[in-house]
Amino acid sequence: MDCIFCKIIKGEIPSKKHYEDDRMLIFEDVSPKANLHYLAVPKHHYATIDNMNEQDQEDIGYILKKIADLKDMLGLTNGYRLTINQGESAGQTVHHLHIHIMGGQNLGWTDFRKQ
Ligand code: AMP
C-alpha cells in the first residue's frame, strides 16, 4: 500500500517519533502549523472515521487517553488543540487517519468564513 504514514509506521521513511506502542505512533509533523505540531496515528490503516471498525473505535479512545497522559512530555501542559481533517473540503491530504496535536503557544480561534 502506497501510504506515507504506513511507511513511517514500518520505519521505511524517517520521522521524529515521540511515542510508539503496538497500537499507535506520535511523531512530529514535517510541516508544522504551530510551535509544537505532532501527529498521532493508529497503526491500523483506514482513511476517515467513516471507515472505523470496532477495534478502530477502541483504539481512538486509547489514543486520546495516551495524548492526555503524554501532554507534559510533549510540552503541552498549558493546553493543546486536536484536529482531524476528514475529506476533501477539510483539506485532508494523507488518507490514513491522523490526529493533529498542536500547541506550544496561544492558538487563538479562526473564523473560517473569512477565508
Ligand atoms: P492532513 O492535511 O490533515 O491530511 O494532514 C497531513 C499532515 O501530514 C500534514 O500536516 C503534513 O505536513 C504531514 N506530513 C506529510 N508527510 C509527512 C511526513 N513524511 N512526516 C511527517 N508529517 C508529514
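Reading the values: rules and limits
- Residues numbered from 1 in each chain as written.
- Predicted model: local features only at pLDDT ≥ 70, side-chain atom pairs only at ≥ 80, totals over all residues.
- Heavy atoms only, no water.
- Core = buried A, V, L, I, M, F, W, Y, C linked by side-chain atoms within 4.5 Å.
- Buried < 20%, exposed > 50% of the residue type's maximum accessible area, 1.4 Å probe, protein only.
- Helix = DSSP H or I, 4+ residues; strand = E, 2+ residues; numbered from the N terminus.
- Contact = heavy atoms within 4.5 Å.
- Near = heavy atom within 4 Å.
- Polar contact = N/O pair within 3.5 Å; in protein donor to acceptor, adjacent residues only side chain to side chain.
- Areas by Shrake-Rupley, 256 points an atom, 1.4 Å probe, with all protein chains shown as cover.
- Nonpolar A, V, L, I, M, F, W, Y, C, P; charged D, E, K, R; others polar.

**Regarding the nonpolar core**
And then number 1: Of all hydrophobic cores here, the largest spans 15 residues; its most connected members are Ile-26, Ala-40, Ile-67 and Ile-101.
And then number 2: Every element with two or more residues in this core is listed here: β2 (24-28), β3 (36-42), α2 (54-70) and β5 (99-103).
And then number 3: When residues of this core are assigned to their parent elements, the largest contribution, 4 residues, is made by α2.
And then number 4: Apart from residues lying up to four places away in sequence, Ile-101 is in contact with Ile-26, Leu-36, His-37, Tyr-38, Ala-40, Ile-67, Leu-76, Tyr-80, Arg-81 and Leu-82.
And then number 5: Counting residues in hydrophobic clusters, the runner-up holds 10 residues, among them Phe-5, Ile-9, Leu-25 and Leu-39.

**Overview of the site of the ligand**
And then number 1: Residues in close proximity to the ligand total 17 residues, the closest being Asp-29, Asn-85, Thr-93, His-98 and His-100.
And then number 2: Asn-85 has a polar side-chain atom sitting 2.9 Å from an oxygen atom of the ligand.
And then number 3: In the environment of the ligand, an oxygen atom lies 2.8 Å from a nitrogen or oxygen atom belonging to the side chain of His-100.
And then number 4: For the ligand, whose accessible area on its own is 500 Å², the fraction buried by protein is 84%.
And then number 5: Elements that contribute at least two residues to the shell around the ligand include exactly α1 (4-10) and β2.
And then number 6: Of all the elements, α1 adds the most residues to the shell around the ligand, at 3 residues.
And then number 7: Of the residues in the shell around the ligand, the class split is 7 nonpolar, 7 polar and 3 charged.

**With respect to the environment of Asp-29**
And then number 1: Relative to the assigned elements, Asp-29 resides in the loop between β2 and β3.
And then number 2: When the C-alpha atoms of Asp-29 and Ile-101 are compared, they prove to be 9.1 Å apart, with 72 residues separating the residues in sequence.
And then number 3: Discounting chain neighbours no more than four positions away, the residues touching Asp-29 are His-37, Tyr-38, Leu-39 and His-100.

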